[in-house]
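Understanding the architecture of this molecule
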Amino acid sequence: MRNHTLLTDLYQLTMMNGYFANNIHEDQVVFDMFFRKNPCDNSFTIVAGIEQVIDYIENLKFTDEDLEYLRGLQLFSEDFLGLLRNFKFKGTIYSVEEGSIMFPHEPIIRVKATTFEAQLIETAMLNIVNFQSLIATKASRVCEAAKGDAVFEFGLRRAQGPDAGIFGARAAYIGGCAGTSNVLAGKMFNIPVTGTQAHSWIQKFDSELEAFRAYAKIYPDGCLLLVDTYDTIKSGIPNAIKVFKELKEMGHEPVGIRIDSGDLAYLSQEARKLLTEAGFGNVKIVASSDLDEGTIDSLKMQQAEINSWGVGTNLITSNGCPALGGVYKLAAVEVNGKLIPKIKISENPEKITNPGYKKVIRIYNDNNYAEADLIMLEDEIVDTNKPLTLFHPIYTWKKKTFYNYNVREMLVPLFLEGELMYNHRTVAEIRDYTQKELSSLWPQYKRLNRPQLYKVDLSEKLWTLKHEMVNSYREE
């Protein structure tokens, strides 16, 4: 991974310089990364990008060229630049496992480090996690709409730059896509790659039939033909059937057809009739053409005869929801060896932060379905041998008691005092973990439209601390 040390906002560096000037740059602080709202009207968010966060932290180093550039800004002293020259992250970071399903206001990354270290890493971590989590979540919605059909990510040419195309493909695979058209992403992350031909291939030959035959000759055992260049019903499918029969006579099994335009419900149904009548009822029908979860859901309801889906622009750009609003907020400072909680007050209640050094536990029933999450202070312990009562953090009269349950702490160590503790996983392993996470959710949380909201509560101790701090600031 290339050095991203300067992938930060200038004010991070000016604040670091200010901490240094005030001799508080080595004070220990705690920051939480979290988001306030799920993207795409979803009820959950799939956290992705943790492996890239690890790479970023491990490669933090100010080069001579970096320091020369910063010197040229005439904002920083030589003493400060000398401190940057020897910079190495030595803090502690806890994070959810990559691929975890999380909910608003829960810490997904918790940093305990010096003010110097914690401030520097904010922007890049938000950049990495916000984007990949957004695309992973969008992909999961598309795959949910496809109801078990394979979904392929086709968005590279429409992505907002090469990095978005590469890491968007990675995130889409984590979110449930079966593969990508992006060859570099396939190479980097061992993601299955897929693709056949474009309309230009068909147009290059004197006839559609000649184009089909030429492709079938090269790929007799992987022949999937694009049939909508001229006329899907009158030309494309009949010509595909001719080539499929020729392949069959030579002992090869055709794979299928792709439709990239027109009324996909009608065309796929007509295509299936023609293919079945010709003895090719088992070949696949692949659809593309500006698809998203809403369109796929509609085509499913119309009983479209489509086996797999190629989704490009609307997936890689998360059309309709361009960003995940993850934030990074100070939660505590260390004074004389003791962590003192900090809180941000706002006229917008949803922007009031949860103070203190916190963790998140997930509560499961006997069937391993997730029932609720509880945000707690780090020193709190749940005794699963006793009933556990949760209350709504706003409507406190709403309560639920659990009797037979298990709990899991969601935050695990990435770095302890600068040492990597997290075991790297392949993207395929992360994808499998995500599918396991999704299987732990009740169906009502996975609905595309108006899903049930998952319960996320504060422990009584944290709730009391938060309200005492809010009231103390309001009374000043």
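Residues numbered from 1 in each chain as written. Predicted model: local features only at pLDDT ≥ 70, side-chain atom pairs only at ≥ 80, totals over all residues. Heavy atoms only, no water.

Let's talk about the domain arrangement of the chain
Split by domain assignment, the chain resolves into domain 1 (10-133 + 321-356 + 409-452) and domain 2 (137-317). Taking the mean C-alpha position of each, domain 1 and domain 2 sit 38 Å from one another. Taken together, the contacts link 27 residues of domain 1 with 22 residues of domain 2. Contact with domain 2 buries area across many residues of domain 1, yet Val427, Arg431 and Leu448 alone supply 36% of it, more than any other trio. Counting every contact that joins domain 1 to domain 2 gives one salt bridge. For arginine 170, the salt bridge is made with glutamate 98, and the minimal N-O distance between the two is 2.7 Å. (Domains from an automatic or database assignment. Contact = heavy atoms within 4.5 Å. Buried area = accessible area lost by both parts, 1.4 Å probe. Salt bridge = Lys/Arg side-chain N within 4 Å of Asp/Glu carboxyl O.)

Structural notes on the environment of valine 96
With respect to the helices and strands, the residue valine 96 is situated in strand E3 (residues 92-96). Residue classification places valine 96 among the buried positions, given a relative accessible area of 0%. In this structure, the C-alpha to C-alpha distance between valine 96 and isoleucine 109, residues 13 residues apart in sequence, is 6.7 Å. (Helix = DSSP H or I, 4+ residues; strand = E, 2+ residues; numbered from the N terminus. Buried < 20%, exposed > 50% of the residue type's maximum accessible area, 1.4 Å probe, protein only.)

Thoughts on the environment of valine 470
The residue valine 470 is located in helix H16 (residues 460-475) in this model. The sequence separation of valine 470 and isoleucine 343 amounts to 127 residues, and the corresponding C-alpha distance is 7.9 Å.

A look at the pattern of salt bridges
Scanning the model with the defined rule gives 21 salt bridges in all. Residues arginine 85 and aspartate 64 are paired through a salt bridge, measuring 2.7 Å at the closest nitrogen-oxygen approach. One end of the pair, arginine 85, is in helix H4 (residues 78-85); the other, aspartate 64, is in helix H3 (residues 64-72), and 21 residues separate them in sequence. We note a salt bridge from glutamate 293 to arginine 141, for which the minimum N-O separation is 2.8 Å. Note that glutamate 293 is positioned in helix H13 (residues 293-301) and arginine 141 in helix H6 (residues 122-146), a separation of 152 residues in sequence. You'll find glutamate 293 and arginine 141 in the same group, each marked buried. Linked by salt bridges that have partners in common, Arg362, Asp373, Arg408 and Glu437 make up one network.

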